[in-house]
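Below are the chains, spelled out letter by letter.
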Amino acid sequence: MNRLRTFFAILLLLLISCGKNKNQITLSFTNADGEVPSLGNLSFSFNQVIAADSIHYKWIEDEYISFNPPIEGQFRWTSASELSFTPNGPLPPATNFTGEFNDALLELNRTFKSADLPELSFYTTGLKLESANLHWFLDESGATSAKLEMQFNYSINTADLADKIVLSFNGKDFELDLISDEQSTYASFLLAEFFPEDIDYNFDLTLEKGLNPIGGSNAMPEDVNELLILKSPYQIDILETEAD
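Residues numbered from 1 in each chain as written. Predicted model: local features only at pLDDT ≥ 70, side-chain atom pairs only at ≥ 80, totals over all residues. Heavy atoms only, no water.

Details of the pairing of strand S16 (residues 201–207)
Link 1 in the chain: Burial of the side chains of S16 is restricted to one face: Tyr201, Phe203, Leu205 and Leu207 are buried, whereas none of Asn202, Asp204 and Thr206 on the reverse face is.
Link 2 in the chain: Relative to S16, strand S12 (residues 165–169) runs antiparallel, the two being bridged by four bridges. Note that in S16 the partner of Ile165 across the bridge is Leu207.
Link 3 in the chain: In this structure, S16 lies alongside strand S17 (residues 224–230), joined through seven bridges in antiparallel fashion. Counterpart to Leu205 in the pairing with S17 is Glu226. (Buried < 20%, exposed > 50% of the residue type's maximum accessible area, 1.4 Å probe, protein only. Helix = DSSP H or I, 4+ residues; strand = E, 2+ residues; numbered from the N terminus. Pairing = 2+ DSSP bridges.)

Dropping the structure here:
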């Protein structure tokens, strides 16, 4: 008898659970999770048929999701259960976002009494140093000088960068003169008071943490250290020879 009662109790709970899920909206898939590209749509798939055919592929003024920080853009239904959000422009770099679904989803279809939808959490790629190189070149006076070039994945304020880089050789730090634009993905510096000798140089470059991309909120979390090799300016490389 006890086993029979237990069986019916479990069956009742299953029936209640099924009935609840039948009238509940849940999220089946979204690409608004983890790292997202700066350009592209955010997509959301649900377990229920929500949107009527009459509003498919039409820009909707209703705000189905509240983003923080706010993202300007528009929603549209690409099918009865698939929602797409198109930002008006690129998402800001190195930024964390959250999103909460609004009651506007339930208002589309009164069949559904509730929604079990998670809080969204995603972010754009952080600032990265993509390359750093040292080169010899002739300055305006014809003297041999060395130039440091750095390339990032986002635009930065190069004056802020200048405050966070240290270039050293054999324990000596070199003063760097900024010669590139104020805001760019590229930065270049001249090594001040550097008098080259006939040796190969192994420079230590340190980019200290804390640099922010323009428009971003997440600074670089750790120092970046690079070993930069600069061959002797007196070394001649023969790239090609031709027989007489």
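Points about the confidence of the model for the protein chain
Link 1 in the chain: Residue-level pLDDT values for the protein chain average 87, and 87% of them are 70 or greater.
Link 2 in the chain: Taken element by element, the protein chain is modelled with least confidence in helix H1 (residues 2–22), mean pLDDT 45, and with most confidence in strand S9 (residues 120–124), mean pLDDT 98.
Link 3 in the chain: Counting contacts from residues 6–20, a segment whose pLDDT is below 50, to residues more than four positions away or on other chains yields zero contacts.
Link 4 in the chain: The low-confidence segment residues 238–244 (pLDDT under 50) makes zero contacts with residues lying over four places distant or belonging to another chain. (pLDDT = per-residue confidence, 0-100. Contact = heavy atoms within 4.5 Å.)

Quick notes on the pairing of strand S15 (residues 183–191)
Walk down a regular strand and you will see the side chains alternate between the two sheet faces.
Link 1 in the chain: Pairing geometry for strand S11 (residues 144–157) and S15, over seven bridges, is antiparallel. The partner of Asn157 across the bridge, within S15, is Gln183.
Link 2 in the chain: Pairing analysis gives three bridges linking strand S14 (residues 176–178) to S15, with the strands arranged antiparallel. Residue pairing across strands places Leu176 opposite Leu191, the latter belonging to S15.

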